[in-house]
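Remarks on the overall topology
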Amino acid sequence: GRSDGRGRGDGRGRSVGGRGRGDSGGDFGAGGGGNPDKGPARNPMGKKLRPGSPGRGRGDDDRGGGRGRVSLRLGMGKRGRQNEVRNRRGSLRKKDRSREKAEKEERALERRTVQLPGTPMTVGELAEAIGETPVSVIKFLMVDLGVMAAISQTLDPPTCEAVAEGFGKVVAGEDDEYDDDEDDEDDEDTALDLGVAWDEDDDEDLVPRPPVVTIMGHVDHGKTSLLDAIRNTRVTAGEAGGITQAINAYQVEHEGSPITFIDTPGHAAFTDMRERGANTADMIILVVAADDSVKQQTADSIACARQAGVPLLVAVNKIDLPTADVNRVLSDLAGYEVLVEDLGGEVLCSQISAKEGTNLDDLLGKIMLQAEVLDLKANPNRDAQGVVIEARVEKGLGTVATTLITKGTIRVGDSFVAGEASGKVRALIGPDGKTRLKEAGPSMPISITGITGIPAAGDLMVVAEDEQTARELAASRSRIARERQSSSYQSGLMQSVAGIFSGGQKELREICVVVKADVQGSAEALARSLSELKLENEEVEVKIKVLISEAGDVTKSDIAVASVTPGTTVIAFNAGANVAAMDDARMLGVPIEYYSVVYDAIESVECRMQEVLSPTPEGEYVGSAIVQEVFNIGGTGNIAGSKCRDGIIKKGSNVRVLRGDKILTESKVRTLRNFKSEVDTITTGDECGIGLLDYEEFEVGDVIESFVLK
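What counts as what
Residues numbered from 1 in each chain as written. Predicted model: local features only at pLDDT ≥ 70, side-chain atom pairs only at ≥ 80, totals over all residues. Heavy atoms only, no water. Helix = DSSP H or I, 4+ residues; strand = E, 2+ residues; numbered from the N terminus. Buried < 20%, exposed > 50% of the residue type's maximum accessible area, 1.4 Å probe, protein only. Contact = heavy atoms within 4.5 Å. Areas by Shrake-Rupley, 256 points an atom, 1.4 Å probe, with all protein chains shown as cover. Polar contact = N/O pair within 3.5 Å; in protein donor to acceptor, adjacent residues only side chain to side chain. Axes fitted to C-alpha atoms, helices over the stretch in contact; angles between N-to-C directions. Parallel < 35°, antiparallel > 145°, perpendicular 65-115°, else oblique. Nonpolar A, V, L, I, M, F, W, Y, C, P; charged D, E, K, R; others polar. Left-handed = near helix turned anticlockwise from the far one by under 90°. Pairing = 2+ DSSP bridges. Arc of directions from axis to C-beta. pLDDT = per-residue confidence, 0-100. Salt bridge = Lys/Arg side-chain N within 4 Å of Asp/Glu carboxyl O. Phe/Tyr/Trp six-rings, centres within 6.5 Å; stacked < 30°, edge-to-face > 60°.

**Re the overall build of the protein chain**
Tallying secondary structure elements over the protein chain gives 17 helices and 35 strands in all. Expressed as a percentage of its 710 residues, the buried residues of the protein chain come to 42%. Look at the contacts in the protein chain between residues 6 or more apart in sequence, and 68% of them connect residues 24 or more apart. Summed over its atoms, the accessible surface of the protein chain is roughly 38800 Å², and 47% of this surface lies on carbon and sulfur atoms.

Structural data, given as structure tokens:
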């Protein structure tokens, strides 16, 4: 056979090419190259090629078109090579990995999920449960939550959950019913609220302590007079208006046993003080005047006692008065579910006269009896904890905090933290205000000096390891308080903006005040009372905005803050102002108002609110006209077709436009027409057209009132 060198068969059993991989399709085999007479075809390596085996060419045996053999080899064509490459490289189409992603997230969630028992845990147990070191947990508690804790102290379940979530964990409690129970019980304070982890003392370390008694009742029912009679002092004589406006603590002895008394204000403005007094007490004496019976603050005091969960003792005072009616008092108390022993109840009751000193020993005896039933004990051999009753600023001493020690013993030189304030004890002053003490134990009311900042009344005072720890904890609490205040402000701002856009929002007018008082509790109580004041009509709402509420005298910084907002008033409640502050106030036009009775301060602010709600117009009234029709005259604008009701209205006179109780504008009469003629004056009963300078928004029923400035 002849070969043309291209390795293709001719379909007649002869080899047509020599070098190539193509199959001949004939009987002599594939592209062996050369003459069949000279032997079988060979490949370049010298090996024999079998019939039908591929050569090095590009031809395929299907091109022969003869009766040769059909190759069963797959994937050598163009399409086969494409499939092979595609299978080797993979598809460029994006795979659906949602299932893999969901499984990955589920595994990550399982790794972050921790089991908490739903019961109190120590710091060490919590650290082990969430897989963190105790040091990290203690640092997080102090820096991020403002809670001081040691590794052996106990944290309540809400605080444990807050710590776990702070470390990025997902809490899965074992007791699902715990959350439901927690919603129903709001009387338990958490470590987040108190700012300190609580720990229990061993029973063998507890020793008896004096009872803490809070005296509560309506204003002017004789609470402080009763305390005066017990202490043989004259506290009431030194109080403005004869009423208590601050919370005070004293200690007396009865038959060799000390009793701590806390005196609370009875005025409605001091609700917070009464609640703090109830929460710090072991029992409450409810003083009710025999000639006045049960009043509003009496009912509030009963509610405070029930909320605090402390026993109640009733002292019916002023039985020496001719108008005294003890039976009426007891029956009125029964209406509030306060049943005394004489009526078959369990509440102890004494009928006394603080002015005459009648039956005081009987009252003190019942206090000691109730204390014996309660079995009051505390551990004095530990770091002290207490409650700030009141805080004030005194010359020569700085910030002084009246504190009731609840457990442990505080000593001079101890570092402590109280709310957002911290310090180191420089001096401990006894209840009489004169005696300097070296230490104070449980149930002892003392005054502590050496505080940086002013703690709020009701803050928990805790002795810290060192001064640095106390400062860091106080700074963390201040930062947390600012963040909460900022969040609350942003929330209120968003609600206000939403109300404006939704329509129906009344015009809000604010009166800014700066409150300075002799003690922190009075400043807080007065600021809260002022903030709750609100006057409104159909279009305007007036509120009070308290810029500053602090204890101490008025300073230059207070005047500087007040001068930023026009119309701000500085209220000094039982406080003064230094010379520099008074000079700045005169130059900047900031008024300083001094008050010694809370009634007067609140009434003065209410009068200012009424003035802002409906201002008293300036000038002397001359006459008025009522708008009956509004005409639009080209080139002139809107003209009020009016009728003069009384007095006179002159061209060029000062007028104000009133719509209801609201003054829309003040302007001057530009044109005054009677029919078609321009006139200078109209009188009662005349109809006219009135045009004003720079105002055309008339409506039927508006009143145009003329006045003359003096």
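Next comes the rest of the description.
**A look at the side chain of Ser415**
Among the secondary structure elements, Ser415 is positioned in strand 16 (residues 415–418). A distance of 3.2 Å separates a polar atom in the side chain of Ser415 from the backbone nitrogen of Glu467. Residue contacts for Ser415: discarding those within four places in its chain leaves Gly423, Lys424, Val462, Val463, Ala464, Asp466 and Glu467.

**Quick notes on the environment of Leu155**
Take Leu155: it is sitting in strand 3 (residues 154–155). Spatially, the C-alpha atoms of Leu155 and Met121 are 5.4 Å apart, while their sequence positions differ by 34 residues.

**So, the packing of helix 4 (residues 134–144) against helix 5 (residues 157–166)**
Helix-helix packing is characterised by the crossing angle of the two axes and by the distance between the axes. Closest axis-to-axis distance for the helix 4/helix 5 pair is 11 Å, and the angle between their directions is 105°. The angle between helix 4 and helix 5 falls in the class roughly perpendicular. Of helix 5, the residues touching helix 4 (which contributes Val137, Phe140 and Leu141) are Thr159, Ala162, Val163 and Gly166. Of the residues belonging to the contact of helix 4 with helix 5, the class tally is five nonpolar, two polar and no charged.

**Some remarks on the packing of helix 14 (residues 520–531) against helix 17 (residues 598–613)**
Taken N-terminus to C-terminus, the directions of helix 14 and helix 17 make an angle of 30°; their axes are 11 Å apart at the nearest point. For the element pair helix 14 / helix 17, the angle class is roughly parallel. In the crossing of helix 14 with helix 17, the sense of the turn from one axis to the other is right-handed. Across the interface between the two elements, Leu526, Ser529 and Leu530 from helix 14 touch Val598, Ala601, Ile602 and Val605 from helix 17. Among the residues making up the contact of helix 14 with helix 17, the classes are represented as six nonpolar, one polar and no charged.

**Thoughts on the pairing of strand 9 (residues 283–289)**
Counting buried residues in strand 9 gives seven out of seven residues, a clear majority hidden from the surface. The alternating pattern of strand 9 places Met283, Ile285, Val287 and Ala289 and Ile284, Leu286 and Val288 on opposite faces, both of which are buried. Across five bridges, strand 6 (residues 212–217) lies against strand 9 in parallel orientation. The partner of Ile215 across the bridge, within strand 9, is Ile285.

**Structural notes on the sheet that holds strand 23 (residues 534–536)**
Each strand in a sheet pairs with another by means of backbone hydrogen bonds, the pair being arranged parallel or else antiparallel. Reading across the sheet, the five strands line up as 23-24-22-25-26 and stay open at both edges, with mixed pairing between neighbours. With one partner strand each, in any of the chains shown, strand 23 and strand 26 (592–595) form the two edges of the open sheet. Averaged over all neighbouring strand pairs, the angle between strand axes comes to 25°, with direction disregarded. Across four bridges, strand 25 (residues 569–573) lies against strand 26 in parallel orientation. By the bridge assignment for strand 26, Val570 is matched with Ile592.

**Considerations on the sheet that holds strand 9**
Reading across the sheet, the six strands line up as 7-8-6-9-10-11 and stay open at both edges, with mixed pairing between neighbours. The sheet is open, and its two borders are formed by strand 7 (248–254) and strand 11 (348–351), each paired with just one other strand. Across this sheet, the average inter-strand angle for adjacent strands is 25°, counted without regard to direction. Looking at chain direction, strand 9 and strand 10 (residues 312–317) are connected through six bridges and run parallel. Within the sheet, the bridge partner assigned to Val287 lies in strand 10 and is Ala315.

**Concerning helix 16 (residues 579–588)**
Looking at helix 16, one finds that the buried residues are Ala581, Asp584 and Ala585. Projected down its long axis, helix 16 shows its buried positions confined to an angular sector of 105°, all on one face. Exposed residues lying more than 90 degrees from the buried face of helix 16 are Val579, Arg586 and Met587. Its buried side turned inward, helix 16 meets helix 15 (556–564) and strand 26. Where helix 16 ends, the next residue or the one after it, Gly589, has phi of about 70°, a positive value.

**Structural notes on the confidence of the model for the protein chain**
Detailed conclusions should not be drawn from predicted coordinates in areas where pLDDT is low. Here the protein chain averages 77 in pLDDT, and 75% of its residues register 70 or above. The lowest-confidence element of the protein chain is helix 6 (residues 177–184), averaging 44 in pLDDT; the highest-confidence one is strand 15 (residues 410–411), averaging 92. The low-confidence segment residues 233–246 (pLDDT under 50) makes 38 contacts with residues lying over four places distant or belonging to another chain. Low pLDDT, under 50, characterises residues 266–270; the stretch is placed with 24 contacts to residues that sit more than four places away or in other chains.

**Structural notes on the pattern of salt bridges**
Taken as a whole and judged by the stated rule, the model has 19 salt bridges. Between Glu467 and Arg471 there is a salt bridge whose closest N-O contact spans 3.6 Å. Here Glu467 pairs with Arg471, and both are found in helix 13 (residues 467–502), just four residues apart, close to one helical turn. Exposure remark for Glu467: the relative accessible area of 33% places this residue in the partly exposed category. Between Glu532 and Arg528 there is a salt bridge, with its nearest N and O atoms 3.2 Å apart. Of the residues examined, Glu532 reaches a relative accessible area of 56% and is grouped as exposed. Salt bridges linked by common partners bring Lys534, Glu541 and Lys543 together as one network.

**Section: the packing of aromatic side chains**
Think of a pair of aromatic rings as described by two things: how far the centres are apart, and how the planes are tilted against each other in angle. In the structure shown here, the tally under the stated rule is two aromatic pairs. The interplanar angle of 45° and the centroid separation of 5.2 Å between the aromatic rings of Phe140 and Phe167 together place this pair among those described as tilted. Here Phe167 lies in the loop between helix 5 and strand 4 (170–171) and Phe140 lies in helix 4, a separation of 27 residues in the sequence. On the accessibility criterion, Phe140 (14% relative accessible area) is buried. For Phe167, a relative accessible area of 23% translates into the label partly exposed.

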